[in-house]
Every structure is written in C-alpha cells, then in structure tokens.
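Coordinate analysis (summary)
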Number of protein chains: 2
Amino acid sequence: MIDLKSAIRSIPDFPKKGIMFRDITTLLLDPEAFHYVIDQMEDFSRGKNVSKILAIESRGFIFGAALADRLGLGFVPIRKTGKLPGEKLRQEYELEYGIDAVEIHADALKPRESILMVDDLVATGGTLEAACKLVEKSGANVSGIAVLVDLAFLPWRQRLAKYDVLSLVKYESE
Amino acid sequence: MIDLKSAIRSIPDFPKKGIMFRDITTLLLDPEAFHYVIDQMEDFSRGKNVSKILAIESRGFIFGAALADRLGLGFVPIRKTGKLPGEKLRQEYELEYGIDAVEIHADALKPRESILMVDDLVATGGTLEAACKLVEKSGANVSGIAVLVDLAFLPWRQRLAKYDVLSLVKYESE
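Residues numbered from 1 in each chain as written. Chains lettered and ligands numbered in written order. Predicted model: local features only at pLDDT ≥ 70, side-chain atom pairs only at ≥ 80, totals over all residues. Heavy atoms only, no water.

Looking at the environment of A:Phe34
The following threshold applies: Helix numbers and strand numbers start at the N terminus; a helix is a DSSP run of H or I with at least 4 residues, a strand a run of E with at least 2. The buried label applies to any residue whose accessible area, calculated with a 1.4 Å probe on protein chains only, is under 20% of its type's maximum; exposed applies above 50%, and partly exposed to all values in between. Contacts are assigned to residue pairs with any non-hydrogen atoms lying within 4.5 Å of each other.
Along the chain, A:Phe34 turns up in helix α2 (residues 31–45). The class for A:Phe34 is buried, based on a relative accessible area of 1%. Taking the C-alpha atoms as reference points, A:Phe34 and A:Asp3, separated by 31 residues in sequence, lie 11 Å from one another. Among all residues touching A:Phe34, those that are not within four sequence positions of it are A:Leu27, A:Leu28, A:Ile62, A:Phe63, A:Ala66, B:Ala65, B:Ala68, B:Asp69, B:Leu73 and B:Phe75.

Right under this line is the structure:
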C-alpha cells in the first residue's frame, strides 16, 4: 500500500488567491505511485464488463490512456469545445461564472456498451456529470468513474449520486 | 504488423479551410492499433537508458502516459502557458502568426538524466523543438523523440536534426 497523498504537492493560491491546488505532477514523477494509481483503477474496472475507457482533457488523459493500454481497451477522449475534428455531441455545464462545454465524437460509442470514465480530480462534479451525459446521449452506459483526487468537501456526491465512483485520495477540507 | 495509417481518419478543412486533419481518435478506438503504437515506442526506448517520459499537452499525454506505465518510469507533462502550478521554465516558439509557449516544472528533471519526448504528431517541429530546449535548460538530455503521425512534407527534420526521432505513420503530402 502506497501513501498517494504524500506524493501529491499542495500549492496555495493557484490558479487564484484562496485556492489550494493539489498538484499531481509530483505523483507522476514517482513511478511506483503512478503505477499504483493505475493498479487501483484496473482493479475497479474488473467485473464491470467495460469495453472502452473515456477520459477528460487533459490531465484525465494521463490516467485514462495508461489504463486503456493495461486493459487492452479502446480509448476515447472527451475534449473542450472545438478540439475534436469529426461530428460530435456537446454538453454544456455551469461554472461559477458562465458556462463551459465538453464534446465527444458522435461515433465513438456504440449503443448499450459500458464504459469507464477517468479524470484526475473531482471537485464540484460538473465536468464529470456533463461527460457522463455525453455517454448517455450516445446510448452507452457509465459503469463507473475513477479519479485520483477527491475534493470531498465539495458537493459532487449529490451530482454524481447515480454513478459508482472510485476516488483514491480524499481531501476533507481545503 | 498493423497498418496504422488505415486506423487514422483524415478530415478535410479542420481546424481551418485547406488543412487535412489527421484524426488519431479512430486509432485510439482500436485497442490493437493503440497497443501496437505503444509497443513501437517501447522498442524505440530500449538501450537509451531513459529515466523519464515527457509528453506534450494534450494528445501527447495519451501516448506518453501509457508508455511511462509500461516502462515503469516517471511521467512529466509539458504544458501550455499558465497550466502548471509550481515554479517553471518557459520556452517560446513561433507560430505562423504570433508566438506560443510551452512550460515544464523547474524541478521535474535532474541534471544529466536522459528522457524520451513523446507527442502525437510532428509538423513544423516548433513545439517539439521548444520542448526539447526546456529539457536542455533543465540540464537533462533528450535521448529520443517518439511521435505517431509525421507530416513529412513539412520541414521538421531540419529543426530537429540533432535528435533521434521515431515516427510511425508518414504523410508525404497534404
């Protein structure tokens, strides 16, 4: 068992004053810690009959792609507006000020297949909820959500209540 | 031997009119093709005494992170301006119109260690050259550059002449 929290660096006032940023790049530098994260996500995927790994741009790609390679599954990127070149589905979500959106290629998923959604961090759950809605719009099914960092003091559990969520490192306060 | 080119989709006029965009998301959907790309990058890394894998945001993360997990090495993200939270090094590079920049955490690399640089695509080589300069500013050494897509009709070879470059799918014309 590896203490993942000790591999994550906390940086105050980033990206703006008052925010304590949990910096996973120090964990990525530690091969044992990085490997262990993918091990845990791999275990979580077992028994879920997952056929594809989806991950959210851009830190989510780091964990999702390693997991897809481990499991021998296809990988689907969920991207910010305007990055995907093909026909796509779009889902908007609210930010503190304004709205943002995520997109997926319209032909990336097959109806009724089960996928695992990966990101580096869950905070309000807004982006993950929008990403899961894209899966459902595609007619596929979210078998689980795997994240490394869990800002457990934020109300994401309510928003993602219908999903099976694995989070590996929990912060109970800012 | 897998025909990687047939797994890549070409989309005309993206992101702007006159550009033929090589879309790797179709390759990522094919687990055998994705696995084979990482196999090739893994083979390329052998004998280079590489201690870390670096990759460029954000599609580069997909290949670089899977490779780092395969090899049991640390992973270092090279990111666009303002994304990394810690103390960082910055390298600007010229675009067709204007300039852009890439950044790396100042403490990500150790002097004299050897790294492998990964990205999804090489075109003019401007971003890769800037990324390699960041490695050299850190006192480390670029043992090789691995990319999936090679826009061989663009003059990147001149710019990256001093590096050992693996490219897996070559396009001789737009």
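Following the structure, the description resumes.
Observations concerning the relation of the copies chain B and chain A
Heads up, the condition is: C-alpha atoms of residues with pLDDT of at least 70 in both copies form the basis for the least-squares superposition of the copies.
Rotating chain B by 180 degrees about the axis while translating it 0.0 Å along that axis superimposes it on chain A, leaving an RMSD of 0.0 Å. Viewed as a symmetry operation, the transformation between the two copies matches a two-fold axis. Among all C-alpha atoms of chain B, that of B:Ala66 lies closest to the rotation axis, at 2.0 Å.

Some words on the packing of helix α3 (residues 59–71) of chain A against helix α3 (residues 59–71) of chain B
Using the following cut-off: Orientation is described by lines fitted to C-alpha atoms, with helices fitted over the stretch in contact, and by angles between N-to-C directions that extend from 0 to 180 degrees. Angle categories: roughly parallel below 35 degrees, roughly antiparallel above 145, roughly perpendicular from 65 to 115, and oblique for all the rest. Take the far helix as the reference: if the near one is turned anticlockwise from it by less than a right angle, the crossing is left-handed, and if turned clockwise, right-handed. Polarity classes work like this: nonpolar for Ala, Val, Leu, Ile, Met, Phe, Trp, Tyr, Cys and Pro, charged for Asp, Glu, Lys and Arg, and polar for all others, with Gly in that last group.
Contact geometry for α3(A) and α3(B): axes closest at 7 Å, N-to-C directions at 55 degrees. It follows from the interaxial angle that α3(A) and α3(B) lie oblique. Here α3(A) and α3(B) pass one another in a crossing that is right-handed. Along the contact surface, α3(A) presents A:Phe61, A:Ile62, A:Ala65, A:Ala66, A:Asp69 and A:Arg70, while α3(B) presents B:Phe61, B:Ile62, B:Ala65, B:Ala66, B:Asp69 and B:Arg70. Residue composition of the contact of α3(A) with α3(B), by class: eight nonpolar, no polar and four charged.

A look at the packing of aromatic side chains
Each aromatic ring pair is described using two quantities: the centre-to-centre distance and the angle formed by the ring planes. Convention followed: Here a Phe, Tyr or Trp ring, Trp counted by its six-membered ring, pairs with any other such ring whose centre lies within 6.5 Å, and the pair is stacked when the planes are under 30 degrees apart, edge-to-face when over 60, and tilted otherwise. For a ring to carry a charge above it, either NZ of a lysine or CZ of an arginine must fall within 6 Å of the ring centroid while also lying within 35 degrees of the normal to the ring plane.
For the structure shown, the criterion picks out six aromatic pairs over all chains. For the pair A:Phe14 and A:Phe21, a centre-to-centre distance of 5.1 Å together with 80 degrees between the ring planes defines the contact as edge-to-face. You'll find A:Phe14 and A:Phe21 in the same group, each marked buried. In this structure, B:Lys5 is placed above the aromatic ring of B:Tyr171, and the distance from its NZ or CZ to the ring centre is 4.6 Å.

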